[in-house]
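The chain contents come next:
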Amino acid sequence: MEFRTVLSKADQLSAIELSKSIFKPNMAEQFTLLFGESNWNHMFVAIDQGKIVSLVNYYPSFVQIGNCTIKVASIGSVCTKAEYRGQKLASRLLILAENQMKNEAIDLVIISGGGGIYTEFGSSLAGNINEYLLDESLLDDSEEINIELFDYSYLPTMISIQNQESVRFIRKEDEFDLLLSSQTYPDTFATYPIHVIKKHHQTLGYIVGILPTIGDEFGIKEFAGDRKAINLSFKLLLSFHKRNKIHFACDVHDEIN
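Residues numbered from 1 in each chain as written. Predicted model: local features only at pLDDT ≥ 70, side-chain atom pairs only at ≥ 80, totals over all residues. Heavy atoms only, no water.

**Description of the packing of aromatic side chains**
Thought 1: Summed over all chains, the structure comprises five aromatic pairs.
Thought 2: On the numbers, 6.2 Å between centres and 15 degrees between planes, the contact of Phe-44 with Tyr-58 is stacked. Placement of the pair is Phe-44 in strand β2 (residues 43–48) and Tyr-58 in strand β3 (residues 51–65), with a sequence separation of 14 residues. With respect to burial, Phe-44 and Tyr-58 carry one shared label: buried. (Phe/Tyr/Trp six-rings, centres within 6.5 Å; stacked < 30°, edge-to-face > 60°. Helix = DSSP H or I, 4+ residues; strand = E, 2+ residues; numbered from the N terminus. Buried < 20%, exposed > 50% of the residue type's maximum accessible area, 1.4 Å probe, protein only.)

**Considering the packing of helix α5 (residues 155–162) against helix α6 (residues 173–183)**
Thought 1: Their axes nearest at 11 Å, the elements α5 and α6 cross at an angle of 100 degrees. It follows that α5 is roughly perpendicular to α6 by the angle criterion. Contacts from Leu-155, Met-158, Ile-159 and Gln-162 of α5 reach α6 at Glu-173, Phe-176, Asp-177 and Leu-180. (Axes fitted to C-alpha atoms, helices over the stretch in contact; angles between N-to-C directions. Parallel < 35°, antiparallel > 145°, perpendicular 65-115°, else oblique. Contact = heavy atoms within 4.5 Å.)

**A few points about the pattern of salt bridges**
Thought 1: As enumerated under the stated definition, the model contains 12 salt bridges in all.
Thought 2: Across the salt bridge formed by Asp-187 and Lys-24, the nearest N and O atoms sit 3.0 Å from each other. Separated by 163 residues along the polypeptide, Asp-187 in the loop between α6 and β9 (190–191) and Lys-24 in the loop between α1 (9–22) and α2 (27–30) bring together distant segments of the chain.
Thought 3: Here Asp-187 falls in the buried class, since its relative accessible area comes to 10%.
Thought 4: Overall, the relative accessible area of 24% leaves Lys-24 in the partly exposed class.
Thought 5: Ionic pairing is found between Lys-88 and Glu-120, a salt bridge with its closest N-O pair at 3.2 Å. Of this pair, Lys-88 sits in the loop between β4 (68–80) and α3 (89–103) while Glu-120 sits in helix α4 (residues 116–121), placing them 32 residues apart in sequence. (Salt bridge = Lys/Arg side-chain N within 4 Å of Asp/Glu carboxyl O.)

**A short note on the nonpolar core**
Thought 1: With 21 residues, the main nonpolar core has Ile-207, Ile-220, Phe-223, Phe-234, Ile-246 and Phe-248 as its most contacted residues.
Thought 2: Broken down by secondary-structure element, the contributors of at least two residues to this core are β7 (145–149), β11 (202–212), β12 (217–225), α7 (227–241) and β13 (245–251).
Thought 3: Broken down by element, the residue count for this core peaks at six residues, all from α7.
Thought 4: Once residues lying within four places of it in the same chain are set aside, the contact partners of Phe-234 are Leu-139, Ile-207, Ile-220, Ile-246, Phe-248 and Ile-256.
Thought 5: In this structure, Ala-46, Val-56, Ile-75 and Leu-93 belong to the second largest nonpolar core, which totals 20 residues. (Core = buried A, V, L, I, M, F, W, Y, C linked by side-chain atoms within 4.5 Å.)

**Comments concerning α1**
Residues separated by three or four positions in an α-helix point in the same direction, a consequence of the helix having 3.6 residues per turn.
Thought 1: The terminal C-alpha atoms of α1 lie 20 Å apart, and with 14 residues this matches the ideal 20 Å at 1.5 Å per residue to within 8%.
Thought 2: Of the residues making up α1, those classed as buried are Asp-11, Gln-12, Ala-15, Ile-16, Leu-18 and Ser-19. Axial view of α1: buried residues confined to an arc of 155 degrees, hence all on one face. In α1, the exposed positions that point more than 90 degrees away from the buried face belong to Ala-10 and Ser-21.
Thought 3: Where α1 is buried, its residues contact β1 (2–5), α2, β2, β3 and β4. (Expected span 1.5 Å × (residues − 1). Arc of directions from axis to C-beta.)

**Observations regarding the environment of Leu-108**
Thought 1: Along the polypeptide, Leu-108 turns up in strand β5 (residues 108–111).
Thought 2: The exposure class assigned to Leu-108 is partly exposed, which follows from its relative accessible area of 41%.
Thought 3: Taking the C-alpha atoms as reference points, Leu-108 and Ala-46, separated by 62 residues in sequence, lie 24 Å from one another.
Thought 4: Setting aside its immediate chain neighbours within four residues, Leu-108 contacts Ile-70, Lys-71, Val-72 and Ala-73.

**Looking at the side chain of Asp-11**
Thought 1: With respect to the helices and strands, the residue Asp-11 is situated in helix α1.
Thought 2: Here the side chain of Asp-11 touches Arg-4 through a polar contact of 2.7 Å, side chain to side chain. (Polar contact = N/O pair within 3.5 Å; in protein donor to acceptor, adjacent residues only side chain to side chain.)

**Observations concerning the side chain of Ser-77**
Thought 1: Assignment of secondary structure puts Ser-77 in strand β4.
Thought 2: Within the structure, the side chain of Ser-77 is placed 2.6 Å from the side chain of Ser-19, a separation counted as a polar contact.
Thought 3: With sequence-adjacent residues up to four places away left out, Ser-77 is seen in contact with Ser-19, Phe-23, Met-27, Leu-34, Phe-35, Leu-55 and Asn-57.

**So, α3**
Thought 1: Taking 1.5 Å of rise per residue, 15 residues should cover 21 Å, and α3 covers 22 Å from first to last C-alpha, within 8% of that figure.
Thought 2: In the core, the buried residues of α3 are packed alongside β1, β2, β3, β4, β5 and α4.
Thought 3: Of the residues trailing α3, Ala-105 is marked for its positive phi of about 60 degrees.

**Describing the pairing of strand β10 (residues 194–199)**
Thought 1: Among the six residues that make up β10, five are buried, leaving the element largely enclosed by the rest of the structure.
Thought 2: Note: β7 against β10, five bridges, orientation antiparallel. Across the sheet, the residue bridging to Glu-148 is Val-196, located in β10.
Thought 3: The sheet contact formed by β10 and β11 spans six bridges and is antiparallel. For Lys-198, the partnering residue across the bridge sits in β11 and is Thr-203.
Thought 4: Where β10 folds back on β11, the antiparallel hairpin that results is connected by two residues, among which His-200 adopts a positive phi of roughly 50 degrees. (Pairing = 2+ DSSP bridges.)

Rendered as structure tokens:
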């Protein structure tokens with residue numbers, strides 16, 4: 001068994017195929033930065049008889065929290081072929097990843113997932129959020145606010161709005177663009193429409209939505225901008241998508257509460 005980072009295009013494609021076989025077919029389209037060529041040295045693989053059988057990936061970035069900037073590593077798409085499970089292959093890859101993170105002076109590791117492998121790695125559950133499911137009857141009307149579907153002419157304004165958030169990932173324009181297009185790549189069970197929120201022709205915020213193929217909910221995947229305007233957009237979003245409940249979560253300290 002060989003443990004190392006991805007070294008070639010063939011490795012990269014094989015790692016993506018493993019991830020797709022374990023999770024879902026559109027992993028490459030939804031995680032373009034995680035699986036991108038520039039991230040090979042953050043893709044750790046276990047190889048048996050020339051085939052990738054286990055995978056751990058992380059993507060480094062910076063987060064701004066008020067006046068403080070921290071370097072974070074986001075771990076994702078951790079997986080092992082079914083016949084190789086129980087051998088702690090992913091655990092060994094996590095240790096390799098951790099050593100690389102130390103070399104890169106990573107301050108904080110963010111993991112999408114839970115379970116024994118991460119507890120053994122030393123992680124713990126974190127976060128403090130409020131979750132809302134709001135019926136249309138609870139929402140306010142507004143004659144001043146209107147919503148429009150995203151087009152690329154709005155991209156610079158959206159980046160400017162995101163950069164005013166007190167807690168945010170620091171993204172270059174091309175990185176923001178890639179993440180926006182990848183996180184809204186459709187699934188079989190949902191699509192992810194993007195709306196900008198406007199008042200008197202001024203863009204005040206935006207919402208990345210979650211529109212399940214069935215049901216009566218419209219979910220919010222991401223939001224940024226003026227909280228009052230976002231709140232007042234909820235009823236318009238439900239009307240636009242012919243749903244009757246808004247579902248979203250936010251930090252307990254967020255003004256939108």
